[in-house]
Amino acid sequence: MLTIKNFKIFINTDKLIDIEHFSFQKGFLYSIFGRSGIGKSTLLKGIGSLIEYQGEIFFGDTISNKNLNVREMRKKIHYVRQEPRFLSGTGLDNLKYIFKLNENRNMRFDEDLAYMFADKLNIERELFYKDVKNLSGGEKQRLSLIRSLIIQPDFILLDEPSSALDIHTEELLIKLLHEIKREIGVIVVSHSTNFIINSDKKLLLSDKKINFLDYEVNEDLIKKIIEEHNG
Amino acid sequence: MGESVKDISMLSMIFLYLLSGGLTLILYVLNLGIVKDFLTSLLRMSVQLFFGSIVLMYIFKINTYWIVLIFFTVMTIVASHTIIKKSKVTGWFIYPVIFIVSFTMTFMFQVVIVGNTIWYDSRYFITISGMVMGNSMNACALALERFNGELKENGDLIETLFSFGANNFEAVSEFFKRSIRSALMPIITNMSSVGIVFFPGMMTGQILAGADPGNAVKYQIAIMVTIAISVVLSTMLNLYFMMNRHFSKGIFKQ
């Protein structure tokens, strides 16, 4: 379980996020949506300990950002960018590099695990041997997701993970996320109505808060809700 | 040192400035847009060296450790200020880094390599530290500018590495290496072509002053190694402190 308490994020002096209490459970695929500029990415980056925030992030019942170092936090509650960034080299170089970091010295690169995810996301194995700068946007996005999954975080925070994917590949991604959600909690920020509809818990970010929608939604309703909360 | 260097007459100096005037005219006619820069630099060089020679004369005459330290401190301030201006970074740490590295390396050159028992012997200390500091200054300006530019451009990659548990240094090490490499290139190029393509100022000076070329070469090797070490140390330290300025509470700040 991942709980955020008295969670506030300020950008310059504006308060963008102000959440008193919210818990995410493993076993569910959460989707967060809302109008652009409302702070969805900011919220995810905050929970991923990549930007400054106030408050506490609990991980389980007792472990929180107060007693876990920030590097550990970032790995356990792990943020994945919408536009992935890589070091120069091949895809495989990039996957392996992660395990060379001092913090990950006790972990080993599991090539089979990487290939397993690649298969599920319809990525050819040859792609791992290509220079990353020659990959398409969609290929990079999936490679980046694989890189993040093989460190086996406890929660994964995906920022628009299907923005560069076609509808078929997006379906594969949603399927994969449902498969892993018991081991790795999944929180997704997305504009894709397909993604939102196929998630287990739909969360609307508005008025600096997370609002849980406890009713069924369809495409039109999602669009309407986002519009209503505009401004 | 044998016979001393032939003096250049006042008439010859006037002739040189007339030549510079001719050069200015050519630059003007070619419309290169650097006439003003050239003239200012010429003026600065002349004034600085003129006063420099007077100051050096006095320092050599007094030759005590405190006058050397005062002059060395002034050099440090000017060099650090130049780094800040050239690289467009701010940081008080540049001053102590330049001071400590240049001082230590000059001291080593003076006492350990040359074997001079008076460490502050100004004829050596001021001139050698000038070469050491000048090279460190150029290298640091280059490295700091490059490093800051890289960090500004690659914030997203740094954030990505952070998300995988990288520590501060791991997140920027790639840019750290690139910057040091770029700062070291000039001195490495110099080392490989020295003696064939050009004879450096210090060696030429010694030979002109009548020194045995073999001895001049030993000095040249000693100073080049000393400079290389100072360049590496000062850029590494400056980049390290610069790096820390980009992080607060473990979060990257562009």
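Just above sits the structure.
Everything numeric here is computed off the predicted structure, so don't read it as measured data.

Thresholds, definitions, all that
Residues numbered from 1 in each chain as written. Chains lettered and ligands numbered in written order. Predicted model: local features only at pLDDT ≥ 70, side-chain atom pairs only at ≥ 80, totals over all residues. Heavy atoms only, no water. Pairing = 2+ DSSP bridges. Helix = DSSP H or I, 4+ residues; strand = E, 2+ residues; numbered from the N terminus. Axes fitted to C-alpha atoms, helices over the stretch in contact; angles between N-to-C directions. Contact = heavy atoms within 4.5 Å. Salt bridge = Lys/Arg side-chain N within 4 Å of Asp/Glu carboxyl O. Polar contact = N/O pair within 3.5 Å; in protein donor to acceptor, adjacent residues only side chain to side chain. Nonpolar A, V, L, I, M, F, W, Y, C, P; charged D, E, K, R; others polar. Core = buried A, V, L, I, M, F, W, Y, C linked by side-chain atoms within 4.5 Å. Buried < 20%, exposed > 50% of the residue type's maximum accessible area, 1.4 Å probe, protein only.

(A) Representation of the sheet that holds strand β9 (residues 201-206) of chain A. Residue and element names in this part refer to chain A. What the six strands build is an open sheet, ordered β6-β7-β8-β3-β9-β10; its pairing is mixed. The sheet is open, and its two edges are formed by β6 (77-80) and β10 (209-213), each paired on a single side. Pairs of neighbouring strands in the sheet enclose a mean axial angle of 25°, with direction left out of account. Bridging between strand β7 (residues 155-159) and strand β8 (residues 185-189) involves five bridges; their strand directions are parallel. The residue bridging Asp 159 from the neighbouring strand is Val 189, located in β8.

(B) Quick look at the interface of chain B and chain A. Tallying the contact residues gives 18 residues for chain B and 24 residues for chain A. Taken together, chain B and chain A are joined by five salt bridges. A salt bridge links B:Asp156 to A:Arg85, with the shortest nitrogen-to-oxygen separation between them at 3.1 Å. Along the contact surface separating chain B from chain A lie eight residue pairs in polar contact (both at pLDDT 80 or more). Listing elements by their share of the side of chain B that touches chain A, those giving two or more residues are α6 (155-163) and α7 (168-193) of chain B. The biggest single contributor to the side of chain B that touches chain A is α6(B), with seven residues. Taken together, the residues of the side of chain B that touches chain A sort by class into six nonpolar, seven polar and five charged.

(C) Examining the nonpolar core more closely. With 123 residues, the main nonpolar core has A:Phe7, A:Phe24 and A:Ile146 as its most contacted residues. At 13 residues, helix α5 (residues 122-153) of chain B tops the list of elements feeding residues into this core. Not counting residues within four places of it along the chain, the set of residues in contact with A:Phe24 comprises A:Met1, A:Leu2, A:Tyr30, A:Ile47, A:Phe155, A:Ile187, A:Leu203 and A:Ile210. Counting residues in hydrophobic clusters, the runner-up holds eight residues, among them A:Ile196, A:Leu204, A:Leu213 and A:Ile226.

Coordinates in, geometry out; function isn't part of it.
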